[in-house]
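An overview of the molecular structure
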Amino acid sequence: MSNRTITGVQLVTPDEEIRSVSIAIDDAGNIFGVSDEHPGGDTIVDGGNRLYALPGFIDIHTHGANGKDLANVTDDAVHTIAEAKLKEGVTTFLPTTWTSSAELLEQMARAAAAYRKDQPFARTPALHIEGPYLNTDQAGAQNPDLMRLPDIAEIEKIHQICPVAIVSLAVELEGGTEFVSAMSKMGIITSAAHSAATMEDFRKARRAGLSHMTHFCNQMSKLHHRDIGLVGAGLLDTDVKLEMICDKIHLCADMIELVFKLHPLDKIMLITDSIGASHLADGEYPQGDGIIIVKDGAARLPKGNLAGSTLQYQLGLKNVAEITGLPLNQVVSATSANQAQSLGLHDRGRIEPGMLGDVVLLNEDFEVEMTIVGGEVKYRR
Ligand code: FE
């Protein structure tokens, strides 16, 4: 295959001026040129100076999409999710588990590992383990009966089956601090989640290597003036990286504005936390042993708890841009560069020579027009 060129697009990459460019991608699928002149080679798309080109989105927290969840533990479940994610402009994602038995966790790792062999749609460098090491008092939609104490050996075993990038856990559980430091030694990120931690618990975990907070504000100790809890901790500690579900359901517009005002932009990571009901219409869908009811796009258990989201990635970015008024070439960091940096994926997150040819083209309404992975058009609206 010869060189391929994306031409006539408005470049939106962190901290660079938004301008009309051509992006040249070599036959190995890597970007080798970004310039205002067409470099030659086949034009795969001409954006007519109307479309915006952003680095492919990186969703580090997604359980499912288009009728399938990772917990379905079939190879085609991961394929279905990976294909649906392309429609959101996501070119890299971490399939995310939820609280389940040791056997089911292992099966989920095997399903993700099977997809990783060829990765025909979005890329999946590793897993995100969210549960079972969670606090039953902050269970949310996860099954408290299967929650248990952090288990280093269990993660070592899963990591052999499929690389683990992130473990979300309640750091205050017995053995939590030891677990965080063991993960740090293994090069695995730990993220505070489904947790009733005090500020002191948080500080201990930070010293042991905790670096992320999972779906910031959701299912964590609230800000109180005598112990600022995890919500306060995330606002005070400007070095910790925050996942945010910017669907205006999990976080209201005021909270989104507040976090972007107080927290450094390079420490914020937009996620979807999407479930199998995303990409589907409102209705009732099976989930684990029970059902999930989706109404006006909000997914809830019958008793009312939010149960993941149906958010599509590009809409989270649209909401943030509208709410904060921040320029797109700044906000874009929270969709890819920050995640790439945190995961140590230094070949993606920016549109510049040497990076993977992973690009999403958006129109002025933030609709995904095209998703390109390694220089190949994988989705076209
Ligand atoms: Fe969660």
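The shown structure was predicted, so the numbers you read here are calculated from the model rather than taken from an experiment. (Residues numbered from 1 in each chain as written. Predicted model: local features only at pLDDT ≥ 70, side-chain atom pairs only at ≥ 80, totals over all residues. Heavy atoms only, no water.)

Considerations on empty space enclosed by the protein
- Taken as a whole and judged by the stated rule, the model has one cavity of 30 Å³ or more.
- Its boundaries defined by the atoms lining it, the largest cavity holds a volume of some 50 Å³.
- For the largest cavity, the full set of lining residues is P55, G56, I58, T91, T92, R348, G349, R350, L356 and D358.
- Within the lining of the largest cavity, the residues separate by chemical class into three nonpolar, four polar and three charged.
- Taken domain by domain, the makeup of the lining of the largest cavity includes at least three residues from each of domain 1 (4–54 + 349–380) and domain 2 (57–343). (1 Å grid on protein atoms, 1.4 Å probe; cavity = no way out; pocket = protein on both sides within 12 Å on 5 of 7 lines; lining within 4 Å. Points joined across faces, edges and corners; volume = space filled by probe spheres on them. Nonpolar A, V, L, I, M, F, W, Y, C, P; charged D, E, K, R; others polar. Domains from an automatic or database assignment.)

Observations regarding the pairing of strand β4 (residues 42–55)
- Bridge analysis of strand β1 (residues 4–11) against β4 gives seven bridges, and the strand direction is parallel. The residue bridging L11 from the neighbouring strand is A53, located in β4. (Pairing = 2+ DSSP bridges. Helix = DSSP H or I, 4+ residues; strand = E, 2+ residues; numbered from the N terminus.)

Some details on the pattern of salt bridges
- The final tally for this structure, using the stated rule, is 18 salt bridges.
- Across the pair R148 and E154 runs a salt bridge whose closest N-O atoms are separated by 2.8 Å.
- Take E154: its relative accessible area is 11%, and that puts it in the buried class.
- With a closest N to O distance of 2.9 Å, R348 and D347 form a salt bridge.
- Each of D59, K85 and E88 takes part in a single network of salt bridges with overlapping partners. (Salt bridge = Lys/Arg side-chain N within 4 Å of Asp/Glu carboxyl O. Buried < 20%, exposed > 50% of the residue type's maximum accessible area, 1.4 Å probe, protein only.)

Structural notes on helix α3 (residues 152–161)
- Looking only at α3, the buried set comprises E154, I155 and I158. Along the axis of α3, the buried positions cluster into a sector of 95 degrees, meaning they face one direction only.
- Those residues of α3 that are buried are in contact with α2 (102–116), β9 (127–130), β10 (164–169) and α4 (176–186).
- The backbone nitrogen of A153 has a side-chain oxygen 3.1 Å away, supplied by the residue at the start of α3, namely D151. (Arc of directions from axis to C-beta. Contact = heavy atoms within 4.5 Å. Polar contact = N/O pair within 3.5 Å; in protein donor to acceptor, adjacent residues only side chain to side chain.)

With respect to the coordination of the iron ion
- Around the iron ion, the protein contributes the donor atoms E130 (OE), H194 (NE2) and H215 (NE2), at 1.9 to 2.3 Å from the metal centre.
- Summarised as a motif, the one-chain spacing of the donors to the iron ion is E-x63-H-x20-H. A residue pair is termed long-range when its members are at least 10 positions apart, and E130 in strand β9 and H215 in the loop between β12 (212–213) and α6 (229–236) qualify at 85 residues. By the burial criterion, E130 is buried, and H215 matches it. (Donors = N, O, S within 2.8 Å, 3.2 Å for Na, K, Ca; no water.)

Considerations on the environment of L104
- Structurally, the position occupied by L104 is in helix α2.
- A relative accessible area of 24% means that L104 is categorised as partly exposed.
- In this structure the C-alpha to C-alpha distance between L104 and A71, which are 33 residues apart in sequence, comes to 7.5 Å.
- Excluding anything up to four places from it in sequence, L104 contacts A71 and V73.

Details of the packing of aromatic side chains
- Counted by the stated rule, this structure contains two aromatic pairs.
- Both rings, one in Y133 and one in F179, keep their centres 5.4 Å apart while their planes meet at 65 degrees; by these two values the pair is edge-to-face. Of this pair, Y133 sits in the loop between β9 and α3 while F179 sits in helix α4, placing them 46 residues apart in sequence. Across this residue pair, the class does not change: Y133 and F179 are buried. (Phe/Tyr/Trp six-rings, centres within 6.5 Å; stacked < 30°, edge-to-face > 60°.)

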